[in-house]
Amino acid sequence: MIEKITKMRKFFLSVLAAVCVATIVDARSVRDFFVSEKIDAFNLVEPNRRTEMLAYYDVGRIVPADNNLGGKSALVKVTDNYLAVDMSAASRVEMLMLTSGRDTVIYVVNTVKLPAADSRLTVLNANCEPLSTEKMVKLPEMRDFITMPKGAAISAHDVLNDLRFPLISLSIDDSAMILTAKQNLRDFMGKEEYGKIAPYMTDSIEFERSGVRFKRKK
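Calculation notes
- Residues numbered from 1 in each chain as written.
- Predicted model: local features only at pLDDT ≥ 70, side-chain atom pairs only at ≥ 80, totals over all residues.
- Heavy atoms only, no water.
- Helix = DSSP H or I, 4+ residues; strand = E, 2+ residues; numbered from the N terminus.
- Buried < 20%, exposed > 50% of the residue type's maximum accessible area, 1.4 Å probe, protein only.
- Contact = heavy atoms within 4.5 Å.
- Areas by Shrake-Rupley, 256 points an atom, 1.4 Å probe, with all protein chains shown as cover.
- Polar contact = N/O pair within 3.5 Å; in protein donor to acceptor, adjacent residues only side chain to side chain.
- Core = buried A, V, L, I, M, F, W, Y, C linked by side-chain atoms within 4.5 Å.
- Pairing = 2+ DSSP bridges.
- Axes fitted to C-alpha atoms, helices over the stretch in contact; angles between N-to-C directions.
- pLDDT = per-residue confidence, 0-100.
- Phe/Tyr/Trp six-rings, centres within 6.5 Å; stacked < 30°, edge-to-face > 60°.
- Salt bridge = Lys/Arg side-chain N within 4 Å of Asp/Glu carboxyl O.

### Structural notes on the overall build of the protein
No. 1: Assigned secondary structure in the protein consists of six helices and 10 strands.
No. 2: A buried classification covers 35% of the 218 residues belonging to the protein.
No. 3: Considering only intrachain contacts with a sequence separation of at least 6, the fraction spanning at least 24 residues in the protein is 45%.
No. 4: Carbon and sulfur atoms provide 54% of the accessible area of the protein, an area that totals close to 13300 Å².

Printed below as a string of structure tokens:
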């Protein structure tokens, strides 16, 4: 009888331990991913320095940390599911963690500001393994920013031919859960050159959250 009780106690303890571990995993926030070595976008700053940056942020101080390029990196905003950090004077990384049911997806936007803002999006699962970006959000190409009014003197094809260099930046509004794609040709092309196509260009396209995905806002 005593042996049976002992076995039962061990069984319940093992179940409790498993539940505790699962709770810890589910409770992860963007902070854990920020200090992890698995996300390349943050590798410009050593993990221990990232931990220090968070500690200062928690007491209301933004203290830039030395990065591996000899410059400074500084946190911009941190919440439970969103983080933005200026990795250098010319680059920013935003990270958003979306959870729906048992699914957790991490969106990492890496934006370089020169010569005009341009972004790269990486989508990861909870183990920091890459997911298909196309399956999570169908990002626009330059042709998607072209809007031709009825009776236009030129065609969309003509406008597209003038778009010699695609420059599309991404930004996250974590309060509204909106991902915005913005074309930045105005900042790259000459004023007169861009002026010829400006009437046929939309500045930005928005995507709204749908579970752990983003869909184009209507």
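Still to come is the rest of the account.
### Let's talk about the side chain of T111
No. 1: Along the chain, T111 falls in strand 5 (residues 103-112).
No. 2: Using a relative accessible area of 11% as the deciding quantity, one classes T111 as buried.
No. 3: For T111, the side chain forms a polar contact with the side chain of S119, separated by 2.6 Å.
No. 4: Those residues in contact with T111, other than ones at most four positions away along the chain, are A90, S91, R92, A117, D118, S119, S169 and L170.

### Some remarks on the nonpolar core
Generally speaking, a soluble globular protein has its nonpolar side chains buried in company with each other.
No. 1: L96, Y107, M201 and F214 are the most contacted members of the largest nonpolar core, which totals 32 residues.
No. 2: Going through the elements one at a time, strand 3 (82-88), strand 4 (91-100), strand 5, strand 6 (118-125), strand 7 (168-173), strand 8 (178-183), helix 6 (191-197) and strand 9 (204-210) are the ones with two or more residues in this core.
No. 3: Residues within four places of M201 in sequence aside, it is in contact with M142, F145, I146, T147, V159, L163, Q183, L185 and Y194.
No. 4: Of all hydrophobic cores here, the second largest spans 22 residues; its members include M53, L83, V85 and V93.

### Some details on the sheet that holds strand 8
No. 1: Taken together, the four strands give an open sheet; going across it, the order is 7-8-9-10, and neighbouring strands pair in antiparallel fashion. Strand pairing shows two members of the sheet lacking a second neighbour, strand 7 and strand 10 (213-216), which therefore form its edges. Within this sheet the neighbouring strands show an average axis-to-axis angle of 30°, counted without direction.

### Some thoughts on the confidence of the model for the protein
For residues with low pLDDT, the predicted coordinates do not support detailed interpretation.
No. 1: Residue-level pLDDT values for the protein average 87, and 88% of them are 70 or greater.
No. 2: Counting interchain partners and residues more than four positions distant, the pLDDT-below-50 stretch residues 4-27 has zero contacts.

### Here we look at the sheet that holds strand 3
No. 1: Strand order across the open sheet formed by six strands is 1-2-3-4-5-6, with antiparallel pairing between neighbours. The open sheet has two free edges, formed respectively by strand 1 (65-66) and strand 6, since each of these has just one partner strand.
No. 2: In this sheet, strand 5 lies alongside strand 4 in antiparallel orientation, the contact comprising 10 bridges. Note on strand 5: the bridge partner recorded for S100 is D103.
No. 3: Contacts from helix 3 (residues 47-58) reach strand 1, strand 2 (72-78) and strand 3, with the element oriented near 50° to strand 2.

### Observations concerning the environment of D66
No. 1: Looking at where D66 falls in the secondary structure, it is placed in strand 1.
No. 2: Those residues in contact with D66 that sit more than four places away from it in its chain are V45, R49, G71 and K72.
No. 3: Within the local environment of D66, its side chain forms a polar contact with the side chain of K72, the two groups lying 2.4 Å apart.

### A few points about the packing of aromatic side chains
No. 1: Applying the stated criterion to the full structure yields three aromatic pairs.
No. 2: Ring centres of Y107 and F214 lie 5.1 Å apart, and the angle between their planes is 80°; on these two criteria the pair is classed as edge-to-face. In this pair, Y107 is assigned in strand 5 and F214 in strand 10, connecting sequence segments 107 residues apart.
No. 3: Given the relative accessible area of 6%, F214 is considered buried.

### Digging into the pattern of salt bridges
No. 1: Scanning the entire structure with this criterion turns up nine salt bridges.
No. 2: K72 serves as the salt-bridge partner of D66, at 2.4 Å between the closest nitrogen and oxygen.
No. 3: Between K138 and E134 there is a salt bridge, and its shortest N-O distance comes to 3.4 Å.
No. 4: The structure contains a network of salt bridges with shared partners spanning D86, R92 and K113.

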